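Residue strings, one per chain:
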Amino acid sequence: MEKSKLFLTGIIFTLLFPFLLTGQTTLLFENFDGVSAPQLPVGWVAENASGSGTHSVFAYSAPNCVAAFGDWQPKDEWLFSPAVQLQAGVSYRVGFYYRTSFTPLQMQVKMGGGPSSDQMESLIYLNENINNTQYQEGFAIITPEESGAYFFGWNVYDGGNNGNLYMDDVTV
């Protein structure tokens with residue numbers, strides 16, 4: 001009886017040991033606290049199709065966050081991460097915290113081969129009715145088909161001056 005328990009324990013340990021060694025690794029973390037407005041952290045790129053977008057003091061983790069401000073015209077603002085090296089077939093969690101100032105906004109998150117809206121290829125997150133004035137977490141689980149450098153792009157859009165969107169604590 002003892003030998004069978006030891007044998008079974010050995011099999012379970014052998015099967016689980018590789019998983020115990022592999023934990024989640026953070027490949028990218030940005031809380032926008034290391035720069036002063038209106039600068040972006042190194043490697044982050046803004047594409048301001050409507051002319052807005054900057055830092056704010058309404059942070060999830062003080063003192064800074066990044067924001068797309070209402071500017072009395074329709075928004076089409078992009079924020080791109082630095083390149084992140086991903087392996088094919090491995091699942092990754094892309095997370096971020098966001099809120100609006102007072103009225104509904106729309107946001108999509110895409111990934112692609114470069115830091116511009118033209119290079120964003122795959123939609124990984126979509127929220128077409130952001131109305132939370134308290135921070136909440138948005139996230140996507142992705143599994144790239146090919147290994148390589150990927151950029152992530154957050155796109156805030158609306159049809160008019162629908163307030164501000166604040167985003168903080170981005171992780172991959």
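In this text, all values refer to a predicted model and were calculated from it rather than measured experimentally.

Caption draft 1: A look at the overall build of the protein. For the protein, the helix and strand inventory stands at one helix and twelve strands. For the protein, the sequential pattern of α-helices and β-strands runs α-β-β-β-β-β-β-β-β-β-β-β-β. Expressed as a percentage of the 172 residues in the protein, the buried residues total 42%. In the protein, of all internal contacts separated by at least 6 residues, the share reaching a separation of at least 24 is 78%. Surface exposure of the protein reaches about 9,500 Å², of which carbon and sulfur atoms provide 57%.

Caption draft 2: Structural view of the packing of aromatic side chains. Scanning the entire structure with this criterion turns up seven aromatic pairs. Ring centres of phenylalanine 96 and tryptophan 154 lie 6.0 Å apart, and the angle between their planes is 80°; on these two criteria the pair is classed as edge-to-face. Of the two residues, phenylalanine 96 sits in strand 7 (residues 92-100) while tryptophan 154 sits in strand 11 (residues 148-157), which places them 58 residues apart along the sequence. The buried category is assigned to tryptophan 154, whose relative accessible area is 2%. In this structure an aromatic cluster arises from ring pairing among Phe32, Trp44, Phe96, Tyr98, Tyr125 and Trp154. Across the ring face of phenylalanine 139, the terminal group of arginine 93 is positioned such that the distance to the ring centre comes to 4.3 Å.

Caption draft 3: Main features of the environment of threonine 100. Along the chain, threonine 100 falls in strand 7. Threonine 100 sits in the buried class, given a relative accessible area of 0%. Spatially, the C-alpha atoms of threonine 100 and asparagine 162 are 8.9 Å apart, while their sequence positions differ by 62 residues. Setting aside residues up to four positions removed in sequence, threonine 100 forms contacts with Leu105, Ile130, Asn131, Asn132, Thr133, Asn162, Asn164, Leu165 and Tyr166. Here the side chain of threonine 100 touches asparagine 164 through a polar contact of 3.1 Å, landing on its backbone oxygen.

Caption draft 4: Geometry of the pattern of salt bridges. The full count for this structure, using the stated rule, is one salt bridge. Of the charged contacts, one joins arginine 93 and glutamate 137 as a salt bridge, the two residues approaching to 2.9 Å between their closest N and O atoms. With a gap of 44 residues between them, arginine 93 in strand 7 and glutamate 137 in strand 10 (residues 136-142) connect regions that are remote in the sequence.

Caption draft 5: Seen up close, the nonpolar core. In this structure, Leu86, Phe96, Met107, Ile124, Ile142, Phe152 and Trp154 are the most contacted members of the largest nonpolar core, which totals 29 residues. Those elements that place two or more of their residues in this core are strand 4 (65-68), strand 6 (84-86), strand 7, strand 8 (105-112), strand 9 (120-130), strand 10, strand 11 and strand 12 (165-171). Excluding its chain neighbours within four sequence positions, the residues that come into contact with phenylalanine 152 are Leu79, Phe80, Ser81, Val84, Leu86, Val94, Lys110, Met111, Met120, Ile124, Ile142 and Val172. Listed in part, the five residues of the second largest apolar core include Cys65, Ala67, Tyr135 and Tyr166.

Caption draft 6: Summary view of the environment of leucine 123. Take leucine 123: it is sitting in strand 9. Taking the C-alpha atoms as reference points, leucine 123 and glycine 112, eleven residues apart in sequence, are found 9.2 Å from one another. Among all residues touching leucine 123, those that are not within four sequence positions of it are Gln108, Val109 and Lys110.

Caption draft 7: View of the pairing of strand 8. Burial of strand 8 is extensive: seven of the eight residues sit out of reach of the surface. Two strands pair when backbone bridges link them, and strand 8 and strand 9 are joined in this way by seven bridges, in the antiparallel orientation. Counted as the bridge partner of leucine 105 is isoleucine 130 from strand 9. For strand 8 and strand 11, the ladder comprises seven bridges, and the chain directions are antiparallel. By the bridge assignment, glycine 112 is partnered in strand 11 with phenylalanine 151.

Criteria and cut-off values
Residues numbered from 1 in each chain as written. Predicted model: local features only at pLDDT ≥ 70, side-chain atom pairs only at ≥ 80, totals over all residues. Heavy atoms only, no water. Helix = DSSP H or I, 4+ residues; strand = E, 2+ residues; numbered from the N terminus. Buried < 20%, exposed > 50% of the residue type's maximum accessible area, 1.4 Å probe, protein only. Contact = heavy atoms within 4.5 Å. Areas by Shrake-Rupley, 256 points an atom, 1.4 Å probe, with all protein chains shown as cover. Phe/Tyr/Trp six-rings, centres within 6.5 Å; stacked < 30°, edge-to-face > 60°. Lys NZ or Arg CZ within 6 Å of the ring centre and 35° of its normal. Polar contact = N/O pair within 3.5 Å; in protein donor to acceptor, adjacent residues only side chain to side chain. Salt bridge = Lys/Arg side-chain N within 4 Å of Asp/Glu carboxyl O. Core = buried A, V, L, I, M, F, W, Y, C linked by side-chain atoms within 4.5 Å. Pairing = 2+ DSSP bridges.

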